[in-house]
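# Summary of the model geometry
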Amino acid sequence: MIRDFKAQIFCRENNLSQREIDVGDKVWIDRIDEFFRRTSLLPPDGDPTEYAAAFEAVYPQPRHRRQYIDDAISKGAPCFGHKVLGSLIAAGKADCIFTTNFDPLIEEAALSANALLQLAEQRRPTVAAIDSAERAMRCLNESDWPLVAKLHGDYQSIAIKNTGSELEKQDERMRHVLVEASKRFGMAFVGYSGRDASIMEALGSVLDEKAPFPNGLYWVASSASRLLPAVRDFLIRAHQSGVDVAVVECATFDELVADVLKNVSLPKILHDQVMQGRPNSRLIPAIISTSEARAFPVLRFSALLIEKLPPVARRITLNQATTSPAARDLLKANKSRAIVAANGRELAAFGSDQEIVSALATLGARVAGTIELNGSKDSWALGLLYDGLARALTRRRPLVPRFRTAGHSLIVAAPREGEDEGRALRRTADLRELRDAYGSPLTGRVPKLGFPFQEGVSLKLEDIDGRCWCAFEPYTFVDIPRPDRLGGTQPNDAVQEADSSETAFERRGGDPAGDWRRERWAQKYNKQWAEIIGAWARLLTNAPDGELKAFGLDEGAGVDAVFEISPITGWSRASHHHRYFDRSK
């Protein structure tokens, strides 16, 4: 209100329209404050009489002041603090409330809270203003609580106190109620400035009694250093009179009542109601950078957000315990492409129910509903999800999954002898963007060595801030023959092996294709790396319905491994600026 009054006076004195200024703009606030520092139109900023003088300067007539208050109140609604205070009143936790405000928000909040309770449990407050002070006297004499006493009047009152002369003397009956209540109870002053000489004088008279504020005196303010001199003097006198005095610092009324709720038991229906209206955390002003904007982003990750993971798998019960490799051998022997993870006498599986039960008939396999998957807790579930993801990413794509205990990978399918022409054309079309990104063939043989190579990616599931990401790393896979099959080649299909042939060669003295592989990648710089990552991301996530399925089962045929993966890779800025990012190229 003071800010609004000052703006109106500023416009009046400078012949400006109020539409020309913005009282929410710091530039205008500083300009207005500087104007009043150079003039004597109002008391200094923070002076106890500043409010009364400003109000009277703008609205000299009492009826105009009442109209201003009425217009302001019509725009208000109970805040979180009002709702808590109203619930405390309805629950019998707050008996006597004194306020210098004119608005009806406290009684409206109490009325709403009472409406939630049974009639016999309701505690409706008596509201008394300076033109109805006899109500407050009756409540005091008869201990008929709760009471809401409005020391400066109600917005509907004919007499309300705003100007200096009006605030000099308190209504005798309301003063009597305030003084007597202060002799019976303790009191918490919340957000009260202490500007009113009449109220401060009445409170000071309480200290002359034998037992003032018997349950303590608590003054709640945003900052103890900003208390007015009259308030500090009153608190010092109270302490010297033996009153238990405390100054409590709290930024807002909402924050205060939130702390009160932690220590006061309300009926559940009231507690739930007020918590629904609790405000969200306030936004903190951010310092906007004024430096020249750089191209965003700086860093691109080869990782895709998995928006949906399979929540369950098929539960298969067995008559005898088995292991995952043994179950896979039976499935392979019966030409079933199901994915399984064994856990004693149970299996978690993706695939056709009929094929799984038939392939594992010797183990007494039976369908027994579903089992929930939690890869963060169960290693078998994480392994099953890995297997399902590899299958889903390669289905209907010219890619082959490689299942390894050290980590799964996907490789580009090499052409086969006698391959159907239509299939060859589809593979060429599907791989065109990836081949253009690499700028070289995706499959072939290593020069001089003759070992087959295929471009591909290694996969890894990562949990970052509660979200699952599929990280992929482009790599050139070389099919180096093992000692037990020097003349053989890797079959162009899904491979399940315990170790990679590259690792086996490294243990015997190094990778014979290592130099060729390093030279192949050394010539690929940031721009080409970005194109390769983008091409892989689009190839892996391209799906007509947005879902990647390991098998594409008909409804009711079994449990499929279904994933939803974002086609956009992760991006990030560097955690701090470095001169590296100032390069022109």
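Owing to the predicted nature of the structure, the values given are computational and were not obtained by experimental measurement. (Residues numbered from 1 in each chain as written. Predicted model: local features only at pLDDT ≥ 70, side-chain atom pairs only at ≥ 80, totals over all residues. Heavy atoms only, no water.)

### Looking at the packing of helix α5 (residues 80–90) against helix α6 (residues 105–114)
For the pair α5 and α6, the least separation of the axes is 7 Å and the interaxial angle reads 60°. Relative to α6, α5 is oriented oblique. Both α5 and α6 take part in a crossing whose hand is right-handed. Seen from α5, the contacting residues are His-82, Lys-83, Leu-85, Gly-86, Ser-87, Ile-89 and Ala-90; seen from α6, they are Leu-105, Ile-106, Ala-109, Ala-110, Ala-113 and Asn-114. The residue inventory of the contact of α5 with α6, partitioned by class, reads 8 nonpolar, 4 polar and 1 charged. (Axes fitted to C-alpha atoms, helices over the stretch in contact; angles between N-to-C directions. Helix = DSSP H or I, 4+ residues; strand = E, 2+ residues; numbered from the N terminus. Parallel < 35°, antiparallel > 145°, perpendicular 65-115°, else oblique. Left-handed = near helix turned anticlockwise from the far one by under 90°. Contact = heavy atoms within 4.5 Å. Nonpolar A, V, L, I, M, F, W, Y, C, P; charged D, E, K, R; others polar.)

### Points about the pattern of salt bridges
Applying the stated rule across the entire model yields 29 salt bridges. Ionic pairing is found between Arg-12 and Glu-13, a salt bridge with its closest N-O pair at 3.8 Å. Classification of Arg-12 as partly exposed rests on a relative accessible area of 49%. When the shortest N-O distance is used, the salt bridge between Lys-26 and Asp-30 registers 2.9 Å. On the criterion of helical spacing, the pair formed by Lys-26 and Asp-30 is a turn pair, its members being 4 residues apart in helix α2 (residues 26–37). In this structure, a network of salt bridges that share partners links the residues Lys-6, Asp-45 and Glu-50. (Salt bridge = Lys/Arg side-chain N within 4 Å of Asp/Glu carboxyl O. Buried < 20%, exposed > 50% of the residue type's maximum accessible area, 1.4 Å probe, protein only.)

### A look at the pairing of strand β20 (residues 562–572)
Pairing of strand β7 (residues 299–308) with β20 involves 5 bridges; the strand directions are antiparallel. Residue pairing across strands places Leu-304 opposite Thr-569, the latter belonging to β20. Relative to β20, strand β18 (residues 548–549) is paired through 2 bridges, and the arrangement is antiparallel. Of the residues in β20, the one forming a bridge with Leu-548 is Phe-563. (Pairing = 2+ DSSP bridges.)

### Some details on the packing of aromatic side chains
Following the criterion strictly, the structure yields 19 aromatic pairs and no others. Cluster of aromatic residues (ring-pair linked, three or more members): Phe-189, Tyr-192, Phe-213, Trp-219 and Phe-234. One residue, Arg-31, lies across the ring of Trp-28, its end atom 4.4 Å from the ring centre. (Phe/Tyr/Trp six-rings, centres within 6.5 Å; stacked < 30°, edge-to-face > 60°. Lys NZ or Arg CZ within 6 Å of the ring centre and 35° of its normal.)

### Structural notes on unusual backbone geometry
For the peptide bond that leads from Trp-145 to Pro-146, omega is 5°, which places it in the cis range. Among the secondary structure elements, Pro-146 is positioned in the loop between α7 (133–142) and β3 (147–150). Phi at Ser-143 is positive, roughly 50°, even though this residue is not glycine. Along the polypeptide, Ser-143 turns up in the loop between α7 and β3. The exposure class assigned to Ser-143 is partly exposed, which follows from its relative accessible area of 43%.

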